[in-house]
Amino acid sequence: MSRIQKLWRSSAKTNVDAILITNPINVRYLSGFRGNDSVLLVRSSGAVLLSDARFTLQIEEECSGLENVYIRAVGEGMSTALAKVLGSTTKRLGVESETLTLGERDRIQAKLPGVEFVPVKNAVEVLRQIKDRSEVDAIRRAVAAAAKGFDDIRAALKPDQTEIDVRNEIEYRMRLHGAEEKSFASIIAAGPRAALPHGIPSGAKVGDHPLLLVDWGAIVDGYMSDLTRVIVLKPTKKLRTVYETVLKAQAAAIAAIKPGKICSEIDAVARNIIKDAGYGKCFGHGLGHGLGLEIHESPRFNSVDETVLKPGMVLTVEPGIYLKDWGGVRIEDDVLITKTGCEVLSRHVEKSFDGAVQ
């Protein structure tokens with residue numbers, strides 16, 4: 001069954017005549033089209049991609065399995081095109097309420113005054129939670145490109161390099177190893193700045209501090225990886241204690257992951273270990289998040305997500321401890337849920353404390 005067919009079947013209870021997909025990521029997931037300024041209209045008979053002449057050849061290359069395409073004329077607005085394709089028989093239109101703007105809704109309503117808008121929130125996002133073989137393969141390659149980039153910068157790390165230097169180098173190196181792009185703005189934070197979970201790289205010199213936190217990822221065929229490691233430059237007893245607490249929490253959480261488990265249960269495993277070590281207030285974010293065409297997808301490992309884990313899901317596991325004026329440690333891996341447990345896709349990236357020492 002195709003992704004479009006799965007979407008239509010999953011939305012049967014809404015009793016809509018058509019579903020309008022406006023989120024570009026979801027358009028790509030369902031049709032293969034990577035361009036912009038386009039929408040996908042899904043009906044029981046199939047789907048129609050509405051685009052414009054700039055993308056005619058691109059659509060031919062990327063959407064070989066899509067039978068129906070509507071290319072808007074020059075000056076023809078999307079609402080006019082939709083009205084032509086939908087026709088007056090459409091009474092209930094499913095819409096992605098998270099991405100359809102008020103302006104777009106009003107323009108469609110003006111062309112089709114009798115249509116009723118029915119929210120189908122997260123309908124595609126739920127389908128995207130379960131990755132097929134091709135998606136998992138792309139994520140594997142994204143992990144490999146990121147891992148090789150990290151190995152390169154770690155081997156060549158110099159004390160006079162700045163956080164910005166390291167960011168530039170790792171993003172360049174990932175591309176050399178097959179990445180089409182970085183999956184997010186790399187977080188490179190030395191010493192006290194590692195207490196900022198999403199710190200922006202600065203001119204701080206690596207060699208002036210005892211640790212360097214590197215949070216980075218690559219995109220391959222549109223799919224993303226997301227990893228974090230800490231490079232230990234000047235080992236101390238406190239740094240070892242914090243580091244090994246985080247590593248213990250991550251290992252316990254990964255060991256608990258298997259189909260049927262609840263996301264919040266996995267979060268609690270890691271959180272309780274950090275809390276018992278006296279650092280509970282220093283771990284202020286969720287344990288992890290889904291990964292795929294976007295860097296943050298559902299489901300999420302946090303205290304409130306009750307999603308049941310299923311084979312094919314890919315999530316990060318990234319506990320952390322952050323101490324003001326000292327620094328922070330976060331260790332992050334990408335994990336695939338399997339039929340019997342899980343597979344750590346980034347298991348070959350060194351993360352023991354002794355292995356982290358530069």
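Our structure is the block above this text.
Starting from 1, residues in each chain are numbered consecutively following that chain's sequence as written. Given that the model is predicted, a residue must reach a pLDDT of at least 70 before its local features are reported, and side-chain atom pairs must reach 80 or more before they are shown or counted; all residues, however, enter totals for whole chains, interfaces and linings. With hydrogens and water excluded, all non-hydrogen atoms of the structure serve as input to the side-chain values.

(A) Representation of the overall build of the protein within the structure. Elements are defined by DSSP. Helices are runs of H or I of four residues or more, strands are runs of E of two residues or more, and each kind is numbered from the N terminus. The secondary structure content of the protein amounts to eleven helices and 19 strands. Summarising its shape, the C-alpha atoms of the protein cover approximately 70 × 40 × 35 Å along the three principal directions. Expressed as a percentage of its 358 residues, the buried residues of the protein come to 52%. Any two residues having at least one pair of non-hydrogen atoms within 4.5 Å are treated as being in contact. Here the contacts in the protein between residues at least 6 apart in sequence split such that 65% fall between residues at least 24 apart. Here the accessible surface of atoms and residues is derived via Shrake-Rupley with a 1.4 Å probe, and residues count as covered only by protein chains that are part of the display. Accessible area for the protein stands at about 16,300 Å²; split by element, carbon and sulfur atoms hold 52% of it. The charged-residue count follows a simple rule in which Lys and Arg add positive charge and Asp and Glu add negative charge, with His and chain termini not counted at all. For the purpose of locating charges, the reference atoms are NZ of Lys, CZ of Arg, CG of Asp and CD of Glu. Separation between the mean location of the 48 positive side-chain charges and that of the 46 negative ones in the protein comes to 3 Å. Categorising residues by exposure relies on relative accessible area from a 1.4 Å probe, with only protein chains included: less than 20% of the type maximum marks a residue as buried, more than 50% marks it as exposed, and the intermediate range marks it as partly exposed.

(B) How the structure looks around the packing of aromatic side chains. Two aromatic rings, drawn from Phe, Tyr or Trp (for Trp, its six-membered ring), form a pair once their centres lie within 6.5 Å of each other, and the interplanar angle then sorts them: stacked below 30 degrees, edge-to-face above 60, tilted otherwise. On inspection of all chains with the given rule, the structure shows three aromatic pairs. Where Phe33 meets Phe55, the ring centres are 5.4 Å apart and the plane angle is 80°; that geometry is what we call edge-to-face. A residue pair is termed long-range when its members are at least 10 positions apart, and Phe33 in the loop between α2 (24-31) and β2 (39-43) and Phe55 in the loop between β3 (46-52) and α3 (56-62) qualify at 22 residues. Aromatic side chains Phe150 and Trp216 sit 4.7 Å apart centroid to centroid with 20° between the ring planes, which places their arrangement in the stacked category.

(C) Looking closely at the state of the cysteines. Working definition: a disulfide is two cysteine sulfur atoms within 2.5 Å of each other. In total, this model carries zero disulfides according to the counting rule given. Of all cysteine sulfurs, the one in Cys342 lies closest to Cys263, which takes part in no disulfide; the gap is 13 Å. By relative accessible area, which is 0% here, Cys263 ends up buried.

(D) Focus on the pattern of salt bridges. One side-chain nitrogen of Lys or Arg within 4 Å of one carboxyl oxygen of Asp or Glu is enough to make a salt bridge. With the rule as written, the count across this model stands at 28 salt bridges. For the salt bridge of Arg140 with Glu343, the shortest nitrogen-to-oxygen distance reads 2.7 Å. Within this pair, whereas Arg140 is found in helix α7 (residues 133-155), its partner Glu343 is found in strand β19 (residues 342-344), the two being separated by 203 residues in sequence. With a shortest N-O distance of 3.1 Å, Glu244 and Arg240 are connected by a salt bridge.

(E) Broad picture of the pairing of strand β8 (residues 187-190). Burial along β8 is two-sided: Ile187 and Ala189 facing one way and Ile188 and Ala190 facing the other are all buried. Any two strands between which DSSP finds at least two bridges are classified as paired. Pairing between β8 and strand β9 (residues 211-216): four bridges, direction antiparallel. Residue pairing across strands places Ala190 opposite Leu212, the latter belonging to β9.

(F) Quick look at the pairing of strand β18 (residues 333-337). Among the five residues that make up β18, five are buried, leaving the element largely enclosed by the rest of the structure. Here β18 shows no split at all, with Asp333, Val335 and Ile337 on one side and Asp334 and Leu336 on the other all buried. Of the pairings in the sheet, the one linking strand β15 (residues 314-317) to β18 comprises four bridges and is antiparallel in character. Bridge pairing in β18 links Thr316 to Asp334. Taken together, β18 and the strand that follows it, β19, pair antiparallel across an intervening segment of four residues.

(G) Looking closely at the nonpolar core. By convention a nonpolar core is built from buried Ala, Val, Leu, Ile, Met, Phe, Trp, Tyr and Cys residues, the set being connected through side-chain atoms within 4.5 Å. Judged by nonpolar contacts, the single largest core of 41 residues is most densely connected at Tyr243, Phe301 and Leu309. When residues in this core are grouped by element, the largest group, nine residues, is from helix α9 (residues 237-256). If sequence neighbours within four positions are ignored, Tyr243 has contacts with Val230, Val232, Val329, Ile331, Lys351, Ser352, Phe353 and Ala356. Counting 36 residues, the second-largest nonpolar core is a separate cluster that includes Ile19, Val118, Met224 and Leu293.

(H) Region of interest: empty space enclosed by the protein. Here a cavity is any set of points on a 1 Å grid over the protein atoms alone where a 1.4 Å probe fits but cannot get out, and a pocket is any open set with protein on both sides within 12 Å along at least 5 of 7 lines; a residue lines the site when it has an atom within 4 Å of a point. Grid points are joined across faces, edges and corners, and a volume is the space filled by probe spheres set on the points. By the definition in use, this model includes one cavity of 30 Å³ or more. Estimated volume of the largest cavity: approximately 30 Å³. Considering the residues around the largest cavity, the lining is formed by Phe150, Arg154, Arg229, Val230, Ile231, Tyr243, Glu350, Lys351, Gly355 and Ala356. Within the residue set of the lining of the largest cavity, elements represented by two or more residues are α7, β12 (227-232) and α11 (353-356). The residue inventory of the lining of the largest cavity, partitioned by class, reads five nonpolar, one polar and four charged. Amino acid classes used here: Ala, Val, Leu, Ile, Met, Phe, Trp, Tyr, Cys and Pro are nonpolar; Asp, Glu, Lys and Arg are charged; the rest, including Gly, are polar.

(I) Representation of the packing of helix α4 (residues 78-86) against helix α5 (residues 102-111) within the structure. One way to put it is that α4 packs onto α5 with a least axis distance of 9 Å and a crossing angle of 45°. As the angle between them shows, α4 and α5 are arranged oblique. Crossing geometry of α4 relative to α5 is assigned as right-handed. Residues Ser79, Thr80, Leu82 and Ala83 of α4 form the contact with α5, whose participating residues are Arg107, Ile108 and Lys111. Throughout, an axis means a line fitted to C-alpha atoms (over the contacting stretch in the case of helices), and angles, computed between N-to-C directions, take values from 0 to 180 degrees. Just so you know how the angles are binned, under 35 degrees is roughly parallel, over 145 roughly antiparallel, 65 to 115 roughly perpendicular, and the rest oblique. Each crossing gets its hand from how the near helix is turned against the far one by less than a right angle, where anticlockwise is left-handed and clockwise is right-handed.

(J) Broad picture of the sheet that holds strand β7 (residues 181-182). The sheet built from three strands is open, its strands ordered β7-β10-β11 with antiparallel pairing. Edge positions in the open sheet fall to β7 and β11 (223-224), since each of these has one partner strand only. Sheet topology places β7 next to strand β10 (residues 218-220); two bridges connect them, and they run antiparallel. The residue bridging Glu181 from the neighbouring strand is Ile219, located in β10.

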